[in-house]
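# Coordinate analysis (summary)
Given next are the chains, with one letter for each unit.
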Amino acid sequence: MKQEQKTLSDALQSLENQIAALQKALEEKPEYGMGKGDPGVTQWELNQTLLNQLQERASSTRKALQRMEHGIYGTCQRCGAAINPERLAILPDTRLCIRCAQKAAGE
Ligand SMILES: [Zn+2]
């Protein structure tokens, strides 16, 4: 469990670094208007989208760490079954076992 916790906090740390870098890049908002199709604008929008994705991942990683602290990490939130360790290695912040995840995807 210790190793998993470290992997997750390392992942969170790296996400937070990326978020900080993006937020800095986003502070310089390009001018809209005359320069339509300005590559700076497009890049800014891409960064904004990327930032949202990173923040979502950071938030689910943070929740996974919290579940770890409460000792409920690795347990399916729906059916309470233990989540396959191989699945956890690929998706450290997953909250569902493979069966429930497949069911959720089909819903
Ligand atoms: Zn389940």
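Just so it is clear, the model here is predicted, and its values are computed rather than measured.

This next bit is on the coordination of the zinc ion. Protein-derived coordination of the zinc ion comes from Cys76 (SG), Cys79 (SG), Cys97 (SG) and Cys100 (SG), at a distance range of 2.3 Å. Because the angles between the 4 donor atoms bound to the zinc ion fall within 105 to 115 degrees, the donor set is best described as tetrahedral. Mapping the donors of the zinc ion onto the primary sequence yields the spacing C-x2-C-x17-C-x2-C. Here Cys97 lies in the loop between helix H3 (85-90) and helix H4 (98-106) and Cys79 lies in the loop between helix H2 (39-69) and H3, a separation of 18 residues in the sequence. Residue class for Cys97 comes out buried when judged on its relative accessible area of 9%.

Turning to the domain arrangement of the protein chain, a few remarks are in order. Each domain of the protein chain was delimited in the assignment, giving domain 1 (1-73) and domain 2 (74-107). Between domain 1 and domain 2, the C-alpha centre-to-centre distance is 23 Å. Counting the surface domain 1 buries against domain 2, the share from its top three residues, Ser60, Arg67 and Tyr73, is 62%. Summed over the shared surface of domain 1 and domain 2, the result is 0 salt bridges.

Here we come to the side chain of Arg87. Inspection of the secondary structure assignment puts Arg87 in helix H3. The charged side chain of Arg87 is buried without a salt bridge, its nearest counter-charge being Asp93 at 8.6 Å. Polar contacts involving the side chain of Arg87 include one to the side chain of Thr94, which spans 3.1 Å. Aside from chain neighbours lying at most four places away, what touches Arg87 is Thr94, Leu96, Cys97, Ile98 and Ala101.

Conventions we followed
Residues numbered from 1 in each chain as written. Predicted model: local features only at pLDDT ≥ 70, side-chain atom pairs only at ≥ 80, totals over all residues. Heavy atoms only, no water. Donors = N, O, S within 2.8 Å, 3.2 Å for Na, K, Ca; no water. Tetrahedral: all angles 85-135°; square planar, octahedral: opposite > 155°, others 65-115°. Helix = DSSP H or I, 4+ residues; strand = E, 2+ residues; numbered from the N terminus. Buried < 20%, exposed > 50% of the residue type's maximum accessible area, 1.4 Å probe, protein only. Domains from an automatic or database assignment. Buried area = accessible area lost by both parts, 1.4 Å probe. Salt bridge = Lys/Arg side-chain N within 4 Å of Asp/Glu carboxyl O. Lys, Arg positive; Asp, Glu negative; His and termini not counted. Polar contact = N/O pair within 3.5 Å; in protein donor to acceptor, adjacent residues only side chain to side chain. Contact = heavy atoms within 4.5 Å.

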